[in-house]
Amino acid sequence: MTIISYVWIDQDFRNINWLKTCINDTLKKQYEQEWSSTVESSSKCVNYRIFKTNFTLESYLLRLPSDLRIPFIKIRTCNHRLPIETGRWSNIDRHLRICTMCDRKSIGDEYHYIMECTYFSNERKILLPSRFHKNHNTFKFNELMNLGNIETLKSLSRLIKKILNNVGSSWLFFTTFACILYLFFLFLHLLYFASPFL
């Protein structure tokens, strides 16, 4: 029985404001439970559930300028071209979605690029506080993704922007290169088979 199921027993119900509040609160709690269940059960939300534990408005949405807010949103919501996502689009097993920027053979996910990828070591040292340079773990990742200090948050967003520009552009380069190579071989194939008729 829900908290408001008994309301309909009395036909002379007069406190409409209480009823509206009660219904609103109940619907909000039901939605939050559904959201939490979806996040916990989704394979796409492995890193998201590390730093997003409550269904609330995030302060970075209000505090970061749009040029830094957009990359931060992309990395938090898996709206990017890191191998963890591009591999999902191609139906590649998760453990095979490897970082192409370094030689660590790690899964190319948000955690790897922000916390460990050696390709971005210099940027990480320049942009992030020193406590995030060594002994990487999910607690530090959570802390980093939920920073309250606006200047450090801006620096993190600059790092994320560099990551997305470099990793996304390499993916775009290889995709474009593969298309050009395919068209070249298609042209050779057509030329070879069409030559007796020319």
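Let me sum up the structure you'll find in this document.

About the thresholds
- Residues numbered from 1 in each chain as written.
- Predicted model: local features only at pLDDT ≥ 70, side-chain atom pairs only at ≥ 80, totals over all residues.
- Heavy atoms only, no water.
- Helix = DSSP H or I, 4+ residues; strand = E, 2+ residues; numbered from the N terminus.
- Areas by Shrake-Rupley, 256 points an atom, 1.4 Å probe, with all protein chains shown as cover.
- 1 Å grid on protein atoms, 1.4 Å probe; cavity = no way out; pocket = protein on both sides within 12 Å on 5 of 7 lines; lining within 4 Å.
- Points joined across faces, edges and corners; volume = space filled by probe spheres on them.
- Nonpolar A, V, L, I, M, F, W, Y, C, P; charged D, E, K, R; others polar.
- Contact = heavy atoms within 4.5 Å.
- Buried < 20%, exposed > 50% of the residue type's maximum accessible area, 1.4 Å probe, protein only.
- Lys, Arg positive; Asp, Glu negative; His and termini not counted.
- Salt bridge = Lys/Arg side-chain N within 4 Å of Asp/Glu carboxyl O.
- Polar contact = N/O pair within 3.5 Å; in protein donor to acceptor, adjacent residues only side chain to side chain.
- Core = buried A, V, L, I, M, F, W, Y, C linked by side-chain atoms within 4.5 Å.
- Phe/Tyr/Trp six-rings, centres within 6.5 Å; stacked < 30°, edge-to-face > 60°.

## Considerations on the overall build of the protein
Argument step 1. Each helix and strand in the protein was counted, giving nine helices and zero strands.
Argument step 2. The N-to-C order of helical and strand elements in the protein reads α-α-α-α-α-α-α-α-α.
Argument step 3. Carbon together with sulfur atoms contributes 59% to the accessible area of the protein, which is approximately 13,100 Å² in total.

## Comments concerning empty space enclosed by the protein
Argument step 1. Tallied over the entire structure, the rule returns one cavity of 30 Å³ or more.
Argument step 2. The computed volume of the largest cavity comes to approximately 50 Å³.
Argument step 3. Every residue along the wall of the largest cavity is listed here: S43, K44, V46, N47, I84, R88, R94, R97, D109 and E110.
Argument step 4. Here the lining of the largest cavity is built from residues that sort into two nonpolar, two polar and six charged.

## Overview of the environment of E143
Argument step 1. Topologically, E143 is positioned in helix α8 (residues 138-145).
Argument step 2. C-alpha separation for the pair E143 and I50, spaced 93 residues apart in sequence, amounts to 9.7 Å.
Argument step 3. Excluding residues within four positions of it along the chain, E143 makes contact with R131 and F132.

## Here's the deal with the side chain of E110
Argument step 1. Summarising the element assignment, E110 is placed in helix α6 (residues 110-116).
Argument step 2. Buried charge without a salt bridge: E110, with R94 as the nearest opposite-charge side chain at an N-O distance of 6.3 Å.
Argument step 3. At a separation of 2.8 Å, a polar atom in the side chain of E110 contacts the side chain of H80.
Argument step 4. Leaving out residues up to four positions away in the same chain, E110 has contacts with N47, I75, C78, H80, L82, I84 and F141.

## Some details on the nonpolar core
Argument step 1. Counting residues in each nonpolar core, the largest one holds 35 residues, and the members touching the most others are Y113, I114 and L156.
Argument step 2. When residues of this core are assigned to their parent elements, the largest contribution, seven residues, is made by helix α9 (residues 150-194).
Argument step 3. Those residues within four positions of L156 in sequence are excluded, and the remaining contacts are F72, I114, L128, L144, M145 and L147.

## Quick notes on the packing of aromatic side chains
Argument step 1. On inspection of all chains with the given rule, the structure shows five aromatic pairs.
Argument step 2. Ring plane angle 80 degrees and centroid distance 5.3 Å describe the contact between Y111 and F141, whose orientation is recorded as edge-to-face. Linking Y111 in helix α6 with F141 in helix α8, this pair joins segments that are 30 residues apart in sequence.
Argument step 3. Here the aromatic rings of Y113 and F120 are separated by 6.2 Å at their centres, their planes lie at 70 degrees, and the arrangement is edge-to-face.
Argument step 4. Relative accessible area serves as the criterion here: at 0%, F120 is assigned to the buried category.
Argument step 5. The rings of Y31, W35 and F55 are connected pair by pair, giving a single aromatic cluster.

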